Number of protein chains: 2
Amino acid sequence: MDAGAPKFRRRKADRPAEIVSAALAVFAEKGFAAAKLDDIARRAGVSKGAVYLYFETKEDVFRAVVGQAIAPNVAIVKAMAAAHPGPLADLLRGVSAHVARIVSMTPLGGVLKMVVGEAGNFPEIARVWHDELVSQALGAMAVAIEAAQARGEVKPGDSRIYALQLIAPLLVAVLHRETFEPVGATPFDLQAVMAQHIDTLLCGLLMEGART
Amino acid sequence: MDAGAPKFRRRKADRPAEIVSAALAVFAEKGFAAAKLDDIARRAGVSKGAVYLYFETKEDVFRAVVGQAIAPNVAIVKAMAAAHPGPLADLLRGVSAHVARIVSMTPLGGVLKMVVGEAGNFPEIARVWHDELVSQALGAMAVAIEAAQARGEVKPGDSRIYALQLIAPLLVAVLHRETFEPVGATPFDLQAVMAQHIDTLLCGLLMEGART
DNA sequence: GCGAAATAACTGACTGATCAGTTATTAATA
DNA sequence: TATTAATAACTGATCAGTCAGTTATTTCGC
């Protein structure tokens, strides 16, 4: 042991973010109940006691992790909600590529898995995710689709279901990755899935005259 | 208390099924870790000790629950795999309606939620689900789609992704039901989702000449 | 500048509750 | 009465949360 090396640093400002980041990794791997606070603390490079300087309870840490994953995505929702005048095809292509990229490069998939798995035990978290993310995103897409229907661009049909059809393959591909790739499943390429899906769907969605 | 009433019945043959059924309900509600064996036993109308007469461990009970949900569905997979000569549209409509009905009326959705949530902690279960259900179903659909492509009935494209596109809205609708309906989300009607989805998708999937 | 005193970030051993799994005992049935 | 399904009280391991003490850092007197 180097006697001169300090046992720890005092870095109050950075700790919460480091703990949340470590917790995300552990929660995503183990789920809420099976995640040990000692593991989270060790991965964050602090003792368990330090975690309790910044968070009240384990649930509190979980809330912070799940909540943090919403914020950057509300922006996307807003971008989608922004009344897009042009042809729906452009909007869908743009949005889907963007979302696919986000989901590929962030741990959002792991958070999604956690929310699905723990929704029963944490209704409050399920509610936040639904109200601030799921409901918003579905609603915004539905509005855009209804506008396109009003313009005579899109066939009649339930706009909320159209929105579901649009996003579903991406979500399933992500859950497939999180759930089955670790046990040897052949991966889906998210970009490829969305590209092919938009092409197929547009063909069935647009009125004959509106095909690009 | 009725002194004449027996404290319990000896019904060795029926117990395992009753315990698995009770366990399904508790696991689906709480997840694996948060489910208490005392709760499962109480719901099954027996003591905890009785559970251990029929199952080695809690994991064993979980395996039984998840495995049981596969068996009836492998039949569906086989039915789909059975070389269907006719137009793809008929096959898809039939299969999707069937699957939607099954998922509506059985606790398969709850099991799906459990598998997603606990896959990290039980790779073996994730593997069984993947190898016996997910991989089989995707493969069978892909084969049917490739056959239709060879007949010149379906447009070129990745058949495995086509299969994913086909089933994804149903899965997402089910997870939406399991995860967000308890906190006030507007439900999706599974039959309606599949009906509209197949209509939309077929339009983008089929060659111009093959439209029914 | 330069120790010494004050502050507070941080540690890690401890505690109390929970719960999977065990076992000594009871009671239903053949 | 013999057999064994079933019970209920028990045990031991685990882990969230606590707290008395330790150490890095800041501040102040000189």
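The structure presented is a predicted model; accordingly, all values stated were derived computationally and were not measured.

1. Considering the overall build of chain A
Here is step 1 of the chain: Scanning chain A for helices and strands turns up 9 helices and 0 strands.
Here is step 2 of the chain: Along chain A, helices and strands appear, N-terminal first, in the series α-α-α-α-α-α-α-α-α.
Here is step 3 of the chain: The dimensions of chain A, computed from C-alpha atoms along their principal axes, are 80 × 35 × 35 Å.
Here is step 4 of the chain: Counting over 212 residues, chain A shows a buried share of 48%.
Here is step 5 of the chain: In the structure as shown, chain A presents an accessible area of about 10,000 Å², 58% of it carried by carbon and sulfur atoms.
Here is step 6 of the chain: Positive and negative charge centroids in chain A, built from 23 and 22 side chains respectively, lie 6 Å apart.

2. Digging into the protein's contact with DNA strand C
Here is step 1 of the chain: Around DNA strand C, 24 residues are found, and the nearest of them are R11(A), R15(A), S47(A), Y54(A) and R10(B).
Here is step 2 of the chain: The contact atoms of DNA strand C, taken as those within 4 Å of the protein, divide so that sugar and phosphate hold 66%.
Here is step 3 of the chain: Note that a phosphate oxygen of DNA strand C is positioned 2.6 Å from one of the backbone N or O atoms of S47(A).
Here is step 4 of the chain: Within the backbone of L37(B), a nitrogen or oxygen atom sits 3.1 Å from a phosphate oxygen of DNA strand C.
Here is step 5 of the chain: Where the surface near DNA strand C is concerned, the elements lending two or more residues are α3 (48–54) of chain A together with α3 (48–54) of chain B.
Here is step 6 of the chain: Residues of the surface near DNA strand C, tallied by class, amount to 10 nonpolar, 3 polar and 11 charged.

3. Here we look at the domain arrangement of chain A
All names here are of chain A.
Here is step 1 of the chain: The domain boundaries assigned to chain A delineate domain 1 (8–55) and domain 2 (66–210).
Here is step 2 of the chain: Taking only C-alpha atoms into account, the centre of domain 1 sits 31 Å from that of domain 2.
Here is step 3 of the chain: Counting residues at the interface gives 7 residues for domain 1, matched by 8 residues for domain 2.
Here is step 4 of the chain: Carbon and sulfur atoms make up 74% of the surface buried where domain 1 meets domain 2, a total of about 580 Å² over both sides.
Here is step 5 of the chain: Contact with domain 2 buries surface across domain 1, with L24, A28 and F32 losing the most and accounting together for 70% of the total.

4. A word on the nonpolar core
Here is step 1 of the chain: Of all hydrophobic cores here, the largest spans 153 residues; its most connected members are F27(A), L88(A), W129(A), F27(B), L88(B) and W129(B).
Here is step 2 of the chain: When residues no more than four places from it in sequence are discounted, the contact partners of F27(A) are F32(A), A35(A), I40(A), K58(A), V61(A), F62(A), V65(A) and M114(A).

5. Topic: the interface of chain A and chain B
Here is step 1 of the chain: Counting from both sides, the interface comprises 50 residues of chain A and, opposite them, 50 residues of chain B.
Here is step 2 of the chain: For the pair chain A and chain B, the interface holds 0 salt bridges.
Here is step 3 of the chain: If you look at where chain A meets chain B, you find 11 residue pairs in polar contact (both at pLDDT 80 or more).
Here is step 4 of the chain: Breaking the side of chain A that touches chain B down by element, the ones donating at least two residues are α1 (15–30), α6 (108–118), α7 (123–150), α8 (159–180) and α9 (190–205) of chain A.
Here is step 5 of the chain: Per element, the largest residue contribution to the side of chain A that touches chain B is 14 residues, and it comes from α8(A).
Here is step 6 of the chain: Residues of the side of chain A that touches chain B, tallied by class, amount to 29 nonpolar, 13 polar and 8 charged.

6. Topic: the relation of the copies chain A and chain B
Here is step 1 of the chain: Mapping chain A onto chain B is achieved by rotating through 180 degrees and translating by 0.0 Å along the same axis, at an RMSD of 0.1 Å. Taken together, the rotation and translation describe the operation of a two-fold axis. Taking the C-alpha atom as reference, chain A places G117(A) closest to the rotation axis, 2.0 Å from it.
Here is step 2 of the chain: Of the residues that chain A buries at the interface, 100% are likewise interface residues in chain B, meaning the two copies contact each other through the same surface.

7. Things to note about empty space enclosed by the protein
Here is step 1 of the chain: Counted according to the given criterion, the structure contains 3 cavities of 30 Å³ or more.
Here is step 2 of the chain: Of the pockets and cavities examined, the second largest cavity occupies roughly 60 Å³.
Here is step 3 of the chain: Lining the second largest cavity are F27(A), A28(A), E29(A), K30(A), G31(A), K113(A), M114(A), G117(A), E118(A), G117(B) and G120(B).
Here is step 4 of the chain: At the level of elements, α1 and α6 of chain A are the ones that each hand at least two residues to the lining of the second largest cavity.
Here is step 5 of the chain: Among the residues forming the lining of the second largest cavity, the class breakdown is 3 nonpolar, 4 polar and 4 charged.
Here is step 6 of the chain: Residue-level mapping places the lining of the second largest cavity at the junction of two domains, with at least three residues from each of domain 1 (8–55) and domain 2 (66–210) of chain A.

8. Some words on the packing of aromatic side chains
Here is step 1 of the chain: Across all of its chains, the model carries 10 aromatic pairs over all chains by this definition.
Here is step 2 of the chain: Through successive ring pairs, a cluster of aromatic residues spans F27(A), F32(A), F62(A) and F122(A).
Here is step 3 of the chain: Here K58(B) stacks its cationic end above the ring of F32(B), 4.6 Å away from the centre of that ring.
Here is step 4 of the chain: When the ring centre of F188(A) is taken as origin, the NZ or CZ atom of R160(B), which lies over that ring, is 4.0 Å away.

9. Considerations on the side chain of H176(A)
Here is step 1 of the chain: Counting through the fold element by element, H176(A) comes out in helix α8.
Here is step 2 of the chain: For H176(A), a relative accessible area of 5% translates into the label buried.
Here is step 3 of the chain: In contact with H176(A), other than residues within four places in its own chain, are E181(A), A185(A), T186(A), F188(A), H130(B), V134(B) and R160(B).

10. Points about the protein's contact with DNA strand D
Here is step 1 of the chain: As a matter of local geometry, DNA strand D sits amid 24 residues, with R10(A), K58(A), R11(B), S47(B) and Y54(B) nearest to it.
Here is step 2 of the chain: Backbone atoms, meaning sugar plus phosphate, form 69% of the atoms of DNA strand D positioned within 4 Å of the protein.
Here is step 3 of the chain: Note that a phosphate oxygen of DNA strand D is positioned 2.8 Å from one of the backbone N or O atoms of K58(A).
Here is step 4 of the chain: At 2.9 Å from a phosphate oxygen of DNA strand D is found a side-chain nitrogen or oxygen belonging to R15(B).
Here is step 5 of the chain: Counting residues per element, the ones that place at least two in the surface near DNA strand D are α3 of chain A together with α3 of chain B.
Here is step 6 of the chain: Among the elements that take part in the surface near DNA strand D, α3(B) stands out by supplying 4 residues, more than any other.
Here is step 7 of the chain: For the surface near DNA strand D, the residue count by class is 10 nonpolar, 3 polar and 11 charged.

What counts as what
Residues numbered from 1 in each chain as written. Chains lettered and ligands numbered in written order. Predicted model: local features only at pLDDT ≥ 70, side-chain atom pairs only at ≥ 80, totals over all residues. Heavy atoms only, no water. Helix = DSSP H or I, 4+ residues; strand = E, 2+ residues; numbered from the N terminus. Buried < 20%, exposed > 50% of the residue type's maximum accessible area, 1.4 Å probe, protein only. Areas by Shrake-Rupley, 256 points an atom, 1.4 Å probe, with all protein chains shown as cover. Lys, Arg positive; Asp, Glu negative; His and termini not counted. Charge placed at Lys NZ, Arg CZ, Asp CG, Glu CD. Near = heavy atom within 4 Å. Polar contact = N/O pair within 3.5 Å; in protein donor to acceptor, adjacent residues only side chain to side chain. Nonpolar A, V, L, I, M, F, W, Y, C, P; charged D, E, K, R; others polar. Domains from an automatic or database assignment. Contact = heavy atoms within 4.5 Å. Buried area = accessible area lost by both parts, 1.4 Å probe. Core = buried A, V, L, I, M, F, W, Y, C linked by side-chain atoms within 4.5 Å. Salt bridge = Lys/Arg side-chain N within 4 Å of Asp/Glu carboxyl O. Least-squares fit on C-alpha atoms with pLDDT ≥ 70 in both. 1 Å grid on protein atoms, 1.4 Å probe; cavity = no way out; pocket = protein on both sides within 12 Å on 5 of 7 lines; lining within 4 Å. Points joined across faces, edges and corners; volume = space filled by probe spheres on them. Phe/Tyr/Trp six-rings, centres within 6.5 Å; stacked < 30°, edge-to-face > 60°. Lys NZ or Arg CZ within 6 Å of the ring centre and 35° of its normal.

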